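# Fold and contact review
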Amino acid sequence: MLVTKPVADLCALLIDELHGELPSRIFAILLSKGRSTLPQLVQYTSMTPRQLRHGLAVLQQHNLLFYHVDPGAEFAFYEANAEHAYNLVRTGKILEMIDSSFGAPAKDVMQNLLLSGQTRISDLVAAYQEKIEQANKEAAHVEDDDDFGAEKNGVNGDSHPGKKAGPLVKSTAHLNSIICRLVEAELIDVVHAKTFESSQDILKTVEKEVMDKYFPAGVKGNKAKVEVQERIAEGLRKVRGESKSLKRKLEQNGTAAKRRKLFAGAGMSNGSHDEDMDPALDPRQVIRINYEKCLVDLRNRRLVQFATDIFGETSAYVYGVLLKLLTKDIPRCRADAAMDFGEDKEESEKDTVSVTTDQILDNLKTSVDLSLGIGKAERRQVSSVAAEKIELFPPKKKLLIEEAEVEGEASADEDEDNESSDESEYDSDYKAPTANGTNGVNGTNGAKVKFDESAAPKERRLDRPTQLRQHLLMLAESTQRFVRHCGPNEWTVDFVPLMNALREVELDSVIERTCGRQGLRLVRILRAKGKLDEKALPNVALMRKPELQQKMLEMQTAGFVHVQEVPRDLKADVKKSFFLWFCDVDRSLSRLLDTSYTTMTHCIQVLEALRQKERDVLETTKRSDVRGREKDTMRKEYYERYSRFLECERKLFAQVMRVDDLVSVLRDF
Amino acid sequence: MASDGTADDSVKLQILKDALYDEIKQHGSETRLFTQKDLLDLNIIPNNNVLLLVRVVQGLTDDKLLVGTTNHHAGLAWRWRSREEAKKYTSLPNDETVMVYSIIDEAGADGIWNRTIKNKLNMHEAVVKNCIKFLETKGYIASMKNVEHPNKKMYIKATLRPSERATGGPWFTEGELDTAFISELEGIVFEYIKTKSAYRGSHPHAGGGPASSSTSATKLPKKGTVTAATAAPDTTTTTTARGTKRSATELSTDDTSSPAPTRSSHKPRAVFMPMPAGYKHYPTVAEIAKFIHDTGITNNTTLGEADIQQLVDVLTYDGLIESVRVGRRRGYRVTRAMKQDTVPFHKRQKEREAGVGLDQPLVAGAEPLSNGLTEAPCGRCPVFELCEEGGPVSPSNCVYFLKWLDLEDLPAAVAPNVALPT
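Just so you know, these numbers come straight off a predicted model, no measurement behind them.

This next bit is on the overall build of chain B. Each helix and strand counted, chain B has 18 helices and 12 strands in total. Classification of the 422 residues of chain B by burial places 45% in the buried group. Summarising the internal contacts of chain B: among those between residues at least 6 apart in sequence, 60% fall at separations of at least 24. Summing over all exposed atoms, chain B offers an accessible surface of approximately 21,600 Å²; the carbon and sulfur share of this is 53%.

Written out as C-alpha cells, the structure reads:
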C-alpha cells in the first residue's frame, strides 16, 4: 500500500477517532518520519518517553505498529502499519458481514475483539464469563421481584437494549464454538512473533536465512536465482502459515461441518449439541482479526451488488451463493508477488477452483424463486450452442471489452456453421456427456427437459436446475464476465479481469456523475480508440465542436483525460500541431483513489468541526448522570441539538464507509 | 472569292461543330474525358483531318461547349458542357467574371473558399469581390458553409447541392450539427433496442419474491447512506427530478414502474428483464436501419446503415447499450435492463409536450450508477483542490457539507452565491 499524504492524514484521523489523540499523534509522526526509535520519537514529538510508551502500547495492542529489533541493538525500531490503520474504517462493515453470515453472537465476539485489539483467548473468556454471570444474576433478580427489576431495566434500556433478551453469548462453550467457527473461516487468526514485523523485515530475515542455509557461496546463474526466489517464497509462506496454526489444529479434528455430520446426523437443530463437540482452545493463544480474509468476503458482497445493478436481484443472489462457495478457500484478494512466486506455476493448473451447478443448487434458499429476473424466450429463439460455450482458460490479458469479445467469439464462429440447420441434434449431442458425467442428478434433469420439450414444446415449465443454469449462463455471457463456464456444469470466476471491469465501471460512474453522459461518451471513445486527434472526435461523438472542447477541458482538469501535443514540424507551431487526446485509466484511477482518501478525511474533519460547534451539548452528555438517559434529563432544545448531531454523525460515518467501498474496489480487491 | 470561301468554310465548320458536339454528348456524361483519338474515332471529322479537328474543337471551346483539361494518363483531353451552362459563360460581361465562374464551377460540389479564388487567379481582391457579387445577383453561384471550416466563406454553383463532405452528412442542417435531431433519433433507436432486447414482464413485490428474501442478506450496509442521500436535497438532482415525474405519470398510467421502486406497493410492477444467454434476436444495425426507414421518421434525410451504426456506437459509448455476439450475429442489447424506464417512448414524448420532465434527457436510460464519492459534496466540489484544514476553504467551514447535512442555519446571505453546482 502506497502511503500518500491523504492516506497519512486519514489514518491519523481514524486513530484519533477510535483510540484518542496520543496514539494518533505518534502514528502521524511515524508515517511522516519513517521508522524511528524511541529516542528519535522523543525528539520529533517533544513528548516524554513515558507518554510515548503509553501511546505505542495502544498502537501495538491494535496491531497498528510494526517493530523490529536488530540483534544487539539497544532500541527497537517502530514503524506505522498504515494498512491496518486504514482497515479501522471497515470495522462496521466487517461486523455487519459477520452478523449476516454468522449471526449476532459472532458479531458480538468480533466486536469485542475489534475493540480490545489482539486478545488472549483466556482474557476473552474471562470477560465473557463475567458478563454472563452478571446477566444471569440479573435475570434471577428480575424473576425474584418484578417491579424493581423492571425499573432498573427501564433505566438502562437505552444503552443496553440487548440485556432484556439476555446475553448474546450464552456460555463459555458457546463462545468457544463461535471462535472455532470464525477461526475455521479464517476470519480470526493467531498472533505470533512475526506478526509484528513489517513485510520488508520478514522478507529480509527470510532472505538471510535462505542465503545462509542454501547458498553460503553466493548465487550464480539464472537457475540458482530462480531457486533462491522459490526458497524465499517458501519461507515467506511458512511465516504466513504460522498464523493459521490454530485453524490447522482444528482441522485435525475434522472441520465443524464434518463433526456435526459425524455426531448429529439429523439432529442439527439442536445448537448446544455442536458446542460441546468443539475442542477447547488453548487459552494462551492470542487471536486477532484477519483483515485479508474479511476483504475477500467484502469483495463478494461488492460483486453481488454489482451484479444486482446489472442483472437484478435473483441473478445476483445466485451469484452470491456461487461466490461464497468459490471463495471459501481463497485467503486473500490479491496474490503477493514475492510470496506467491513459484506457487503460480503449480497452481496454474489447480488454480481454477470451480463450483458445480449442483453445489450451488444445494446452497440456494428454497424460498427464492429462480424463475424471476430473467426474460422468457422461446426455445427456437435461443442458440444454446452460443450460450453453453465453454471457456477452458481465463482470458489471457486485459483487452478492451469489445476487442476481447470479438476475439473470444471468433473461434466460436467456426463450429457454429451447422447451428441453424440442425441445432436440435447438435444440442442433444452436446448434452449427452453431461448426462454421463459426474453429476448424475443434473444430467438426468437435463435429459428430462429435452423429453418434456419434444412432448409439449409450448407448455413447459422449467425445473429448478435449468432455471439456475439460465441465471449462470446469463452471468457468463455478460460483457463484464461475471462467471466463466469452465467445464460442463462447472463455474469459476476470473477475479482479476472482473475487478478491472468493476474498477472501470466505478470510474465511469464518477465521470458520468461529474461530467455528464457526454463526458462519459468521450472517455469511452478514447478508451476504445486509443489516442485521437481533436478534429476527429466530434465526428465520432456526434457533438458540436465548442461543446466538445469545453467538455474535454473540464475532464482534463478533473484528470479523466489527458492531451498530448505533437508538433508537425521543427518549428512546433501551435496552430499546426496535432492535439491528441487519450485517457490513461490507471492514472485516472490512482487520482480517484487519492480523491477518495481526501473525501474521507474531509468527512471526518467536518464531523470534528461539528463537534466543536456542539461542544457544550456534547459535554453535557458525557456527564455520568446524563449518560444513557439523555432524553429525560436534557432540556428539550439541547436534546434536539444532540439528536441532530447524532444524525449528522451517522450520515458522515456512513458516507466514509461508502467512500471506502470505492477505495476497496480501487485498491484492495 | 476569299470572303465567300471563308463564309462557306464557317458554315461547314458550324455544321461540323454541331455534329461533333451532339456526338460527344451521346458518348458520355459531363465528367467523361475525351482525348483527341476519341474525338477522331467518332467519325465526324472527314479523313481524320487533325487540323480540321483542331479548328472545330477550338470553335467549341470558344463557345464554352467544350472544356479542355490535361489529364495525367491521356494528356490533353476535353469534356463537354451543356448548352445552358455555356450560355451562362457567354453571357458574362468580362473575362474576370468568366475566370471566377469557371473556378467555382470546377470546384464542384465541395465549393471553394473566396481566398482560394483570389490566390488562384492572382487578381485584386476588389475585382474578385465584384465578380462574385455580380455572379451572386445573377443567381449563378451561391454562398455555402462547410462544416469543416465553418468560418470560411465558400461559394458553390447555384445549381449544385453541397457535397456530403461539405455539409457533414445527414447529421448537419445548414452547417450546424443538428443535436436536436440526433438526440430525438437516439431516443427512438434506444427505445427500439430496449424493447427488442429485453423481456417486459412483471415483478411481483409481495413477500415471496427474492426482492425481500435475498436483499436483506445480500445488500451492502448502506441503509444509513440511502437516507443520507435522500435527506440531502441537492446531491442527487436526478432523483428528485424523477420523483416529480413519477407523480405525474401515475395519473396517466397505472402500471408505470418507477425507477426507484416503492416498496410499499404490493401489486406487480412492470420491469424489463434480461434475456437468457444465447438469445438470438438482439437487434442488429441492419434491423434498426430498416425500422427507422419503415417508420419514415426521417422523411427528408436518408440514413444509411453506416449512419445508424454511428448512432448506435454513440449509444454504446454512452453506456446505454452494449453489443453482443451470439454466433455470427452482432446484435445490441440494453444494459442494466432491470433498471430501465418502462414507460414507452411516445408516452414520454407526450408528457414532454405537456411540459413534464423537460429536464430529463431524451434518451432516458437507466439512472447512472453512483458511489460514495459522487454522493458526497467533495466528489463534485469545484474547489476540491484548494480545500484544506487551515486554508481559506476548509472542511470545517464548508457550506456544501452543511447543506448536505441539512444544517442550514447558516446566514441566508451566504447561501445564494455559493449554490451547489448542478
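The description of two helices packed together rests on the angle between their axes and the distance between the axes. Two elements in contact, helix α25 (residues 495-529) of chain A and helix α15 (residues 305-317) of chain B, have axes separated by 8 Å at closest approach and are oriented at 105 degrees. The orientation of α25(A) with respect to α15(B), classified from their angle, is roughly perpendicular. Contacts between α25(A) and α15(B) involve A:Leu520, A:Arg521, A:Arg524, A:Ile525, A:Ala528 and A:Lys529 from the former and B:Val314, B:Thr316 and B:Tyr317 from the latter. Broken down by class, the residue content of the contact of α25(A) with α15(B) amounts to 5 nonpolar, 1 polar and 3 charged.

Moving on to the sheet that holds strand β10 (residues 562-566) of chain A. Residues and elements named next belong to chain A. Across the sheet, 3 strands lie side by side as β9-β11-β10; this open sheet has antiparallel pairing. Each edge of the open sheet is held by one strand with a lone partner, namely β9 (532-533) and β10. Note: β9 against strand β11 (residues 578-582), 2 bridges, orientation antiparallel. The residue bridging Asp533 from the neighbouring strand is Leu580, located in β11.

What describes a pair of aromatic rings is the distance from one ring centre to the other and the angle between the planes of the rings. Residue and element names in this part refer to chain A. Tallied over the entire structure, the rule returns 12 aromatic pairs over all chains. A centroid spacing of 5.9 Å and a plane angle of 75 degrees characterise the contact between Tyr86 and Tyr597, whose relative ring orientation is edge-to-face. Placement of the pair is Tyr86 in helix α5 (residues 82-87) and Tyr597 in helix α28 (residues 585-613), with a sequence separation of 511 residues. Comparing Tyr86 with Tyr597, the two get one shared label, buried.

Below, the discussion takes up the pairing of strand β11 (residues 321-326) of chain B. All names here are of chain B. Counting buried residues along β11, 6 of its 6 residues qualify, which places the element largely inside the surrounding structure. Residues Ile321, Ser323 and Arg325 line one face of β11 and the alternating positions Glu322, Val324 and Val326 line the opposite face, and both faces are buried. Looking at chain direction, β11 and strand β12 (residues 329-334) are connected through 6 bridges and run antiparallel. Counted as the bridge partner of Arg325 is Arg330 from β12. In this antiparallel pair of consecutive strands, β11 and β12, the connection spans 2 residues, and Gly327 shows a positive phi of 65 degrees.

Moving on, we come to the nonpolar core. Residues and elements named next belong to chain A. Membership of the largest hydrophobic core comes to 81 residues, with the highest contact counts inside it found for Leu537, Met552, Met555 and Leu652. Sort the elements by how many residues they give to this core and α28 lands first, with 11 residues. Setting aside residues no more than four positions away along its own chain, Leu537 makes contact with Leu522, Ile525, Leu526, Leu532, Leu548, Met552 and Trp581. If you look at the next biggest cluster of nonpolar residues, it comprises 76 residues, including Ile94, Ala316, Phe482 and Met499.

Quick look at unusual backbone geometry now. In this structure, A:Asn489 is a non-glycine residue whose phi angle is positive, near 65 degrees. Assignment of secondary structure puts A:Asn489 in the loop between β7 (484-487) and β8 (490-492).

Residue and element names in this part refer to chain A. Taken together, the side chains of Lys535, Lys545, Arg568, Lys571 and Lys576 present a region of like positive charge at the surface. Here Lys535 lies in the loop between β9 and α26 (537-541). The exposure class assigned to Lys535 is exposed, which follows from its relative accessible area of 55%.

Turning our eyes to something else, we now look at the packing of helix α7 (residues 104-116) of chain A against helix α10 (residues 172-184) of chain A. Residue and element names in this part refer to chain A. One way to put it is that α7 packs onto α10 with a least axis distance of 10 Å and a crossing angle of 80 degrees. By the angle class used here, α7 and α10 are roughly perpendicular. In this structure, α7 uses Pro105, Ala106, Val109 and Met110 to contact α10, whose residues at the interface are His174, Leu175, Ile178, Ile179 and Leu182. When its residues are assigned to classes, the contact of α7 with α10 shows 8 nonpolar, 1 polar and no charged.

Looking now at the interface of chain A and chain B. Each partner contributes to the interface: chain A provides 90 residues, whereas chain B provides 91 residues. Taking both partners together, chain A and chain B bury about 7,900 Å²; carbon and sulfur atoms supply 58% of that area. Counting across the chain A and chain B interface gives 11 residue pairs in polar contact (both at pLDDT 80 or more). Looking at the side of chain A that touches chain B, the element that brings in the most residues is α25(A), giving 14 residues. Split into classes, the residues belonging to the side of chain A that touches chain B amount to 33 nonpolar, 23 polar and 34 charged.

This paragraph deals with the pattern of salt bridges. Throughout the structure, instances matching the rule amount to 46 salt bridges over all chains. Linking B:Lys339 and A:Asp309 is a salt bridge whose minimum nitrogen-to-oxygen distance equals 3.6 Å. Placement of the pair is B:Lys339 in the loop between β12 and α16 (345-353) and A:Asp309 in helix α16 (residues 291-311), with the two residues belonging to separate chains. A relative accessible area of 18% places A:Asp309 in the buried class. Here A:Arg521 makes a salt bridge to B:Glu186, at a shortest N to O gap of 3.9 Å.

Turning our attention to α7(A). Residue and element names in this part refer to chain A. Under the 1.5 Å per step criterion, the end-to-end length of α7 is 18 Å for 13 residues, consistent within 8% with the ideal 18 Å. For α7, the full list of buried residues reads Ala106, Asp108, Val109, Met110, Leu113 and Leu114. Among the residues trailing α7, Gly117 stands out with phi positive, at a value near 75 degrees.

In this section: the confidence of the model for chain A. All names here are of chain A. Residue-level pLDDT values for chain A average 77, and 79% of them are 70 or greater. Counting contacts from residues 145-165, a segment whose pLDDT is below 50, to residues more than four positions away or on other chains yields 10 contacts. Predicted confidence for residues 261-274 stays below pLDDT 50, and this span has 5 contacts to residues more than four positions away or in other chains.

The next subject is the environment of A:Val219. Locating A:Val219 in the fold gives a position in the loop between α11 (199-214) and α12 (221-242). If we skip the residues at most four places from it in the chain, A:Val219 touches A:Met211, A:Ala224, A:Lys225 and A:Val228.

Each α-helix winds once per 3.6 residues, and so residues spaced three or four apart point in a common direction. Residue and element names in this part refer to chain A. The first and last C-alpha atoms of α10 sit 18 Å apart over 13 residues, in line with the 18 Å expected at 1.5 Å per residue. Burial of α10 is extensive: 10 of the 13 residues sit out of reach of the surface. Among the residues making up α10, those that are buried are His174, Leu175, Asn176, Ser177, Ile178, Ile179, Cys180, Leu182, Val183 and Glu184.

We now examine the side chain of A:Gln480. When you line up the elements, A:Gln480 lands in the loop between α24 (464-477) and β7. A polar atom in the side chain of A:Gln480 sits 3.4 Å from the side chain of A:Thr479. Those residues within four positions of A:Gln480 in sequence are excluded, and the remaining contacts are A:Phe306, A:Ile310, A:Leu498, A:Ala501 and B:Glu322.

This part takes up the environment of B:Gln310. Secondary-structure assignment places B:Gln310 in helix α15. B:Gln310 gets classed as partly exposed once you look at its relative accessible area, which sits at 23%. In this structure, the C-alpha to C-alpha distance between B:Gln310 and B:Val285, residues 25 residues apart in sequence, is 9.8 Å. Once residues lying within four places of it in the same chain are set aside, the contact partners of B:Gln310 are A:Asn539, A:Leu542 and B:Trp171. At 2.8 Å, the side chain of B:Gln310 and the backbone oxygen of A:Asn539 are in polar contact.

Criteria and cut-off values
Residues numbered from 1 in each chain as written. Chains lettered and ligands numbered in written order. Predicted model: local features only at pLDDT ≥ 70, side-chain atom pairs only at ≥ 80, totals over all residues. Heavy atoms only, no water. Helix = DSSP H or I, 4+ residues; strand = E, 2+ residues; numbered from the N terminus. Buried < 20%, exposed > 50% of the residue type's maximum accessible area, 1.4 Å probe, protein only. Contact = heavy atoms within 4.5 Å. Areas by Shrake-Rupley, 256 points an atom, 1.4 Å probe, with all protein chains shown as cover. Axes fitted to C-alpha atoms, helices over the stretch in contact; angles between N-to-C directions. Parallel < 35°, antiparallel > 145°, perpendicular 65-115°, else oblique. Nonpolar A, V, L, I, M, F, W, Y, C, P; charged D, E, K, R; others polar. Pairing = 2+ DSSP bridges. Phe/Tyr/Trp six-rings, centres within 6.5 Å; stacked < 30°, edge-to-face > 60°. Core = buried A, V, L, I, M, F, W, Y, C linked by side-chain atoms within 4.5 Å. Patch = residues over 30% accessible without salt bridge, like charges linked within 9 Å, V, L, I, M, F, W, Y side chains within 5 Å. Salt bridge = Lys/Arg side-chain N within 4 Å of Asp/Glu carboxyl O. Lys, Arg positive; Asp, Glu negative; His and termini not counted. Charge placed at Lys NZ, Arg CZ, Asp CG, Glu CD. Buried area = accessible area lost by both parts, 1.4 Å probe. Polar contact = N/O pair within 3.5 Å; in protein donor to acceptor, adjacent residues only side chain to side chain. Expected span 1.5 Å × (residues − 1). pLDDT = per-residue confidence, 0-100.

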